[in-house]
Amino acid sequence: TDFTKSINLNPQDARYYRLLSQAIMIKLSNDLNNKADKTPAKERSQKLQNLATSGVDVAKRATDIDQNNVENWINRGLIYQNLVGVVGGTDQAAVSMYQEALKRSPNDPAIYYSIGSIYLTIAENSRLLATNNQAGTNADALKKQAVDSFRKAEENYKKAIELNNNYGQALFALGVVYEREGKLLDAIKQFEKLRVGNPNDPSIAF
């Protein structure tokens, strides 16, 4: 409510739209995970859909107001990323938004990390569907999609590490990708790099 009031007072400040879109996503997440909600299924589904649509629309408004501000594109990408698995097509939409952000900030490793994380999610979902035979005749296509998405995740994580060789999250995620691709020695090398900077973290050794 307060963010909406701010927008009404100054509709040309993109910050308010970014914050409002994030607040909408938090509400959507809370409502999705609310097991005590007794709202009829159809009504609840419509309500959640309206929240998702509102979040996307508000985030888009920020990029419309100021197309040169990289934060607006990163936020829009994050909004789509939060909807992956909830709304179809949002994975590629998120990638597109992050690519727009890279045009304005090509040396930001966090953007490459975000893109890599989306492709890792796509790859994992495709791999699981194919393995569990939940897609019938599409199993081969899903396997191919998984391989391609793991490759794209690897490329983006590598770019993030190239820009920041101490980027722990990217090092860890690249290790996960290598493990999924069957490149076990490469995966081990990634975790060994992490262990140098985090010698007391038992999870890395594990």
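In the block above lies the structure referred to throughout.
Notes on the structure in this doc start here. (Residues numbered from 1 in each chain as written. Predicted model: local features only at pLDDT ≥ 70, side-chain atom pairs only at ≥ 80, totals over all residues. Heavy atoms only, no water.)

### Topic: the overall build of the protein
Piece 1. From N to C terminus, the protein includes ten helices and zero strands.
Piece 2. What you see in the protein, going N to C, is helices and strands ordered as α-α-α-α-α-α-α-α-α-α.
Piece 3. For the protein, the spread of C-alpha atoms along the principal axes amounts to about 55 × 40 × 35 Å.
Piece 4. When burial is assessed residue by residue, the protein has 38% of its 206 residues classed as buried. (Helix = DSSP H or I, 4+ residues; strand = E, 2+ residues; numbered from the N terminus. Buried < 20%, exposed > 50% of the residue type's maximum accessible area, 1.4 Å probe, protein only.)

### A short note on the packing of aromatic side chains
For any pair of aromatic rings, the description consists of the separation of the ring centres together with the inter-plane angle of the planes.
Piece 1. With the rule as written, the count across this model stands at three aromatic pairs.
Piece 2. Ring centres 5.7 Å apart and planes at 45 degrees place the aromatic pair Tyr 113 and Tyr 157 in the tilted group. Of this pair, Tyr 113 sits in helix 6 (residues 109-131) while Tyr 157 sits in helix 7 (residues 139-163), and the two are 44 residues apart along the sequence.
Piece 3. You can call Tyr 157 buried: its relative accessible area is 1%.
Piece 4. Among the aromatic residues, those joined into a ring-pair cluster are Tyr 113, Tyr 157 and Tyr 167. (Phe/Tyr/Trp six-rings, centres within 6.5 Å; stacked < 30°, edge-to-face > 60°.)

### Comments concerning the environment of Arg 195
Piece 1. With respect to the helices and strands, Arg 195 occurs in helix 9 (residues 184-197).
Piece 2. Along the sequence, Arg 195 and Arg 151 sit 44 residues apart, while their C-alpha atoms lie 24 Å from each other.
Piece 3. If we ignore the near neighbours within four places in the chain, the residues touching Arg 195 are Ile 204 and Ala 205. (Contact = heavy atoms within 4.5 Å.)

### Quick word on helix 3 (residues 41-65)
Piece 1. Helix length check: helix 3, at 25 residues, gives a terminal C-alpha distance of 36 Å against a target of 36 Å (1.5 Å per residue), a fit within 8%.
Piece 2. Residues of helix 3 that are buried in the fold lie against helix 2 (14-32) and helix 4 (70-82). (Expected span 1.5 Å × (residues − 1).)

### Re the packing of helix 4 against helix 5 (residues 90-104)
Piece 1. Taken N-terminus to C-terminus, the directions of helix 4 and helix 5 make an angle of 165 degrees; their axes are 8 Å apart at the nearest point. One finds that helix 4 runs roughly antiparallel with respect to helix 5. Of the two elements, helix 4 crosses helix 5, and the hand of that crossing is left-handed. Contact with helix 4, carried on its side by Val 70, Trp 73, Ile 74, Arg 76, Gly 77, Leu 78, Tyr 80 and Gln 81, involves Thr 90, Ala 93, Ala 94, Met 97, Tyr 98, Glu 100, Ala 101 and Arg 104 of helix 5 and no other residues of that element.
Piece 2. A class-by-class count of the residues in the contact of helix 4 with helix 5 yields ten nonpolar, three polar and three charged. (Axes fitted to C-alpha atoms, helices over the stretch in contact; angles between N-to-C directions. Parallel < 35°, antiparallel > 145°, perpendicular 65-115°, else oblique. Left-handed = near helix turned anticlockwise from the far one by under 90°. Nonpolar A, V, L, I, M, F, W, Y, C, P; charged D, E, K, R; others polar.)

### Points about the packing of helix 4 against helix 6
Piece 1. Where helix 4 contacts helix 6, the two axes come as close as 12 Å, and the packing angle between them is 15 degrees. With respect to helix 6, the element helix 4 is oriented roughly parallel. For the crossing formed where helix 4 meets helix 6, the hand is left-handed. Between helix 4, through Val 70, Ile 74 and Gln 81, and helix 6, the contact on the second element is made entirely by Ile 111, Ser 114, Ser 117 and Ile 118.

### Quick notes on the nonpolar core
Piece 1. One finds Leu 28, Ile 111, Tyr 113, Ile 115, Leu 120 and Tyr 157 to be the most contacted residues of the largest nonpolar core, which totals 52 residues.
Piece 2. Top element by residues in this core is helix 6. It accounts for nine residues.
Piece 3. Setting aside residues up to four positions removed in sequence, Leu 28 forms contacts with Leu 48, Leu 51, Ala 52 and Leu 83. (Core = buried A, V, L, I, M, F, W, Y, C linked by side-chain atoms within 4.5 Å.)

### Description of the pattern of salt bridges
Piece 1. Taken as a whole and judged by the stated rule, the model has 17 salt bridges.
Piece 2. For Lys 159, the salt bridge goes to Glu 162, with nearest N and O atoms at 3.4 Å. Of this pair, Lys 159 and Glu 162 both sit in helix 7, three residues apart, which is roughly one turn of that helix.
Piece 3. Given the relative accessible area of 27%, Lys 159 is considered partly exposed.
Piece 4. Between Glu 179 and Arg 180 there is a salt bridge, and its shortest N-O distance comes to 2.4 Å. (Salt bridge = Lys/Arg side-chain N within 4 Å of Asp/Glu carboxyl O.)

### Re the environment of Ala 146
Piece 1. When you line up the elements, Ala 146 lands in helix 7.
Piece 2. Residues Ala 146 and Ala 110, spaced 36 residues apart in sequence, show a C-alpha to C-alpha distance of 23 Å.
Piece 3. In this structure Ala 146 touches Ala 123, Ser 126 and Arg 127, once residues within four positions along its chain are discounted.

By themselves, these observations are geometric and do not establish any function.
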